[in-house]
Structures are given as structure tokens and as C-alpha cells.
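Per-entry structural report
One-letter residues, chain by chain:
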Amino acid sequence: MKQDIDAARELLQRNLKEVDELSRKSRTAGVLKCMGKMNPKTTLLFLFWHAVAFYAIWQLWKTYMWAPEDYTDPIGSLRTAFGVNPTPQPIMTKTMWWAFCLYPITAFIGITGGVHRLWSHRSFQASFLVRLVFMIANSIASQGSIYHWVRDHRVHHLHSDTPADPHDASRGYFFSHMGWFLLKKDRAVIDAGKKVCLRDLHEDGLVMFQKRLDPWWNLVWCFAFPSFVATMWGDTAWNGFLVAGSLRWVWVLHVTWTVNSINHAIGESPYDPTERPSESRIVSLLAGGEGWHSWHHTFASDYAASELGADQQWNPTKVMIDVLAFFGQVWGRKRGTRMWNERKSRWQAQRPDDVMVEELHGPPMWKVRTLRWEKKEKLAETLAGEKTEKVE
């Protein structure tokens, strides 16, 4: 009996070792497969600029926490070998404000209003002057050329959260936020990109001008331009590069990516319950009104990218477009309100025994739409009870 138990224990231990070995080999194969899909160019770019951004944060901390005479800049001091600015200079407050101003210029004008609502979705038309300003703001944002950004975004809407989506949210939060940027594109994404229509971009001289000079045009505007401006009030070009260039660029990049990750992972989709995109107040705050994503994916051609006005849903980009329209620089603004009303009518017709109850939740400028269905009889009883209470 004891021999049988010992033999069974030995067999179990051998099986567990085999399982552990198979698990280890599987993990190793998974890592190797992932490494094989890594895009070396974008991965090195990602690591380098994030290292520079963290260094900028460290220098900002020392600027505020250390006395000016104790301030050190190990990397900036390397310039002494060339006789350039031998004394490290703390980052000036004006340079910090310059970086802060570039945030909405690049995120709200260059990305949200320009490459997204104007060029990707053609939700409104704009004069040459407005398109020029939008193109330059987009170049300062430097998230690739307008041409390539639009191509990938149109693919995203055509194949949202499927293998052909460049940042498919079904592959996890990390992938939809930044993992897609670090890996090579799947064949399905590449094939979908070849099929998407970009005729309107080819007919836009500003878009094609930027594309022809890519990436040098964007690099100059994104990093050299903010550095030069910082020297105009006595700061160093190096400090301008660190804060107004690199740190601001990384911040705006992650703000843009939150639309792909947070909006496709957290919350419900009131305007199309079959889709993942949701409504997010925090993303709207950061990205200039891009967080009302359920509405946007349902009615992508809506220039507001939200159901309600800016007084009920934070949307500075919509306000900017409306102001430009007031001065005649923008026209042909499209809205999805009529399509939304038609959709609700269809839903109601499909459920004749129920009543759709619409509600808005949240404080002013941060309202979120919710929908629920109630039986007609139950709703009638509830309303009758409320009337009775008022009479009494």
C-alpha cells in the first residue's frame, strides 16, 4: 500500500514538473513572439522621448525645490564642451507657461479640431487660413502626418475593435493605449489601410505639403520652434526643448491615446449599446471634448462629437469651431441630432410595450445621457402615484 502511494506521489511530481516546463516554454514562446512583433523604430523612439520627459520633470522639481545657485543640469552641462552656456540655468516660469499654452494649441486645435474633426471626418469645411493654422498646430503636435493619422483613424472607425483596428481595444487596455504604437501593424490593419478612401486628402494641398516634408517639417515645429521661442524671454533653448518641446509632446500624446484606451474600456455606450465606446468626463476634460465617444462613434460626422451643447458637455473644440463659423471661416457644420431622433423612434417601434426613459446625470458641462426601458403599465402607475402625492 505504501509503495503504491509513493509511486503515485512520484508520478504526480513528474507530471507537475512537465506542466511547469511546458508553461515556461509557452511563456518564453509568447515573449519571443511579442518581441518578433516589436517595431524597433517606434519602441526606441518611445523609450527615448519618455526618458527625456522624465528628465524634464526632474529638472522642474529641482527648479522649484532647490536654490538657484544649487541648481544642476547634468545633461545640459555637457554643452560646456562646446563653450555653450557653461552655467546651468533653472527653467523659467515663462517657459512653463509656454508649454502649458502649447497643450491646448496642439491637443485641441491640431489634433481634436484639425486632424480629427476636420480632416478625418469632414464634419465641417474651413477656409484656407483656418486649415493652415490647423496644419501648423498639428505639426507642433507631431503625431505623424495628417495623411497617415487620417488613414489610420478611418480604418479604426470602419473596423472598430476588430483585428483590422490599429488600436483594437479587445486586445487589452495597454495595447489600445500604447501597445499598438510599439508593435508592427497586423496584416489585417495594413490591408484595411490600403482600401480606405483618401481622395479628399490628395486634393488638399496643405495636407500633401506636410506629407512631402514628413517627418522633418513636424520635428522642426514640434521641438525646434518651442525651443527658439523660449530664448525670446531669456531662457535657454535646452530648457525650452525639455519642457515646451519634449514633456509637452509626451503629455499630449498620452492625452490623445486616452480616447483609444479609457473610452473603449470603461463605461457604457448609451447611443449604441452594441459598441464599446463610452462617455468619459475625464477624457473630455483632457482632450478638449473628445470624451463623448459613444456619440462620436455612433454619429462620426457630427462636428461637435457630442449630443449636447458646450454648456452641458465640456467641448471647447466645438466652441472654437462655432466662433470660426460666426466669422465666416468655417461652414457646413454637420450634426447627428436628426439621426439620433430617428434611431430612438426605431427603437421605440421595436418595443411597443415599453417606454424609453431618457435622463441626464452630472453637473453642468459634464452631463452624461442614460437610457432605460420601463413597461408602460409600471410607468403609468409610477406617474399616478407621483400625482397623488402632489395632491395630498
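The preceding data block contains the structure.
Residues numbered from 1 in each chain as written. Predicted model: local features only at pLDDT ≥ 70, side-chain atom pairs only at ≥ 80, totals over all residues. Heavy atoms only, no water.

Focus: the overall build of the chain
Looking only at helices and strands, the chain features 16 helices and 4 strands. The burial tally for the chain puts 46% of its 392 residues in the buried class. A separation of at least 24 residues holds for 66% of the contacts in the chain among residues at least 6 apart in sequence. With an accessible surface of roughly 21,200 Å², the chain has 65% of that area assigned to carbon and sulfur atoms. (Helix = DSSP H or I, 4+ residues; strand = E, 2+ residues; numbered from the N terminus. Buried < 20%, exposed > 50% of the residue type's maximum accessible area, 1.4 Å probe, protein only. Contact = heavy atoms within 4.5 Å. Areas by Shrake-Rupley, 256 points an atom, 1.4 Å probe, with all protein chains shown as cover.)

Topic: the layout of surface pockets
Reported here for the largest pocket is a volume of approximately 1,200 Å³. Lining the largest pocket we find 40 residues, and of these Gln143, Gly144, Ser145, Trp180 and Phe181 sit closest to its centre. Elements that contribute at least two residues to the lining of the largest pocket include exactly helix H2 (40–65), helix H3 (93–120), helix H5 (146–158), helix H6 (173–182), helix H10 (216–230) and helix H11 (237–261). Broken down by element, the residue count for the lining of the largest pocket peaks at 7 residues, all from H11. Here the residues of the lining of the largest pocket sort into 17 nonpolar, 16 polar and 7 charged. When its volume is computed, the second largest pocket comes out at roughly 270 Å³. Lining the second largest pocket are 13 residues; nearest its centre among them are Glu268, Ser269, Pro270, Pro273 and Leu371. (1 Å grid on protein atoms, 1.4 Å probe; cavity = no way out; pocket = protein on both sides within 12 Å on 5 of 7 lines; lining within 4 Å. Points joined across faces, edges and corners; volume = space filled by probe spheres on them. Nonpolar A, V, L, I, M, F, W, Y, C, P; charged D, E, K, R; others polar.)

Describing the side chain of Thr106
Tracing the chain through its elements places Thr106 in helix H3. On the basis of relative accessible area, Thr106 is assigned to the buried category, the value being 0%. A distance of 3.1 Å separates a polar side-chain atom of Thr106 from the backbone oxygen of Tyr103. Residues within four places of Thr106 in sequence aside, it is in contact with Ile111, Ala137, Ile140, Ala141, Arg248 and Val252. (Polar contact = N/O pair within 3.5 Å; in protein donor to acceptor, adjacent residues only side chain to side chain.)

Here's the deal with the packing of H3 against H11
Packing of H3 against H11 leaves a shortest axis separation of 9 Å and a crossing angle of 35 degrees. You can see that H3 and H11 cross each other, and the crossing is right-handed. Of the residues in H11, those in contact with Thr95, Met96, Trp98, Ala99, Leu102, Tyr103, Thr106, Ala107 and Ile111 of H3 are Asn239, Gly240, Val243, Ala244, Arg248, Trp251, Val252, Val255 and Thr256. Here the contact of H3 with H11 is composed, by residue class, of 12 nonpolar, 5 polar and 1 charged. (Axes fitted to C-alpha atoms, helices over the stretch in contact; angles between N-to-C directions. Left-handed = near helix turned anticlockwise from the far one by under 90°.)

Some points on the pairing of strand S4 (residues 368–375)
Sheet analysis places strand S3 (residues 354–361) next to S4, joined by 8 bridges and oriented antiparallel. Note on S4: the bridge partner recorded for His361 is Val368. Between the end of S3 and the start of S4, which pair antiparallel, lie 6 residues, with Gly362 showing a positive phi angle near 110 degrees. (Pairing = 2+ DSSP bridges.)

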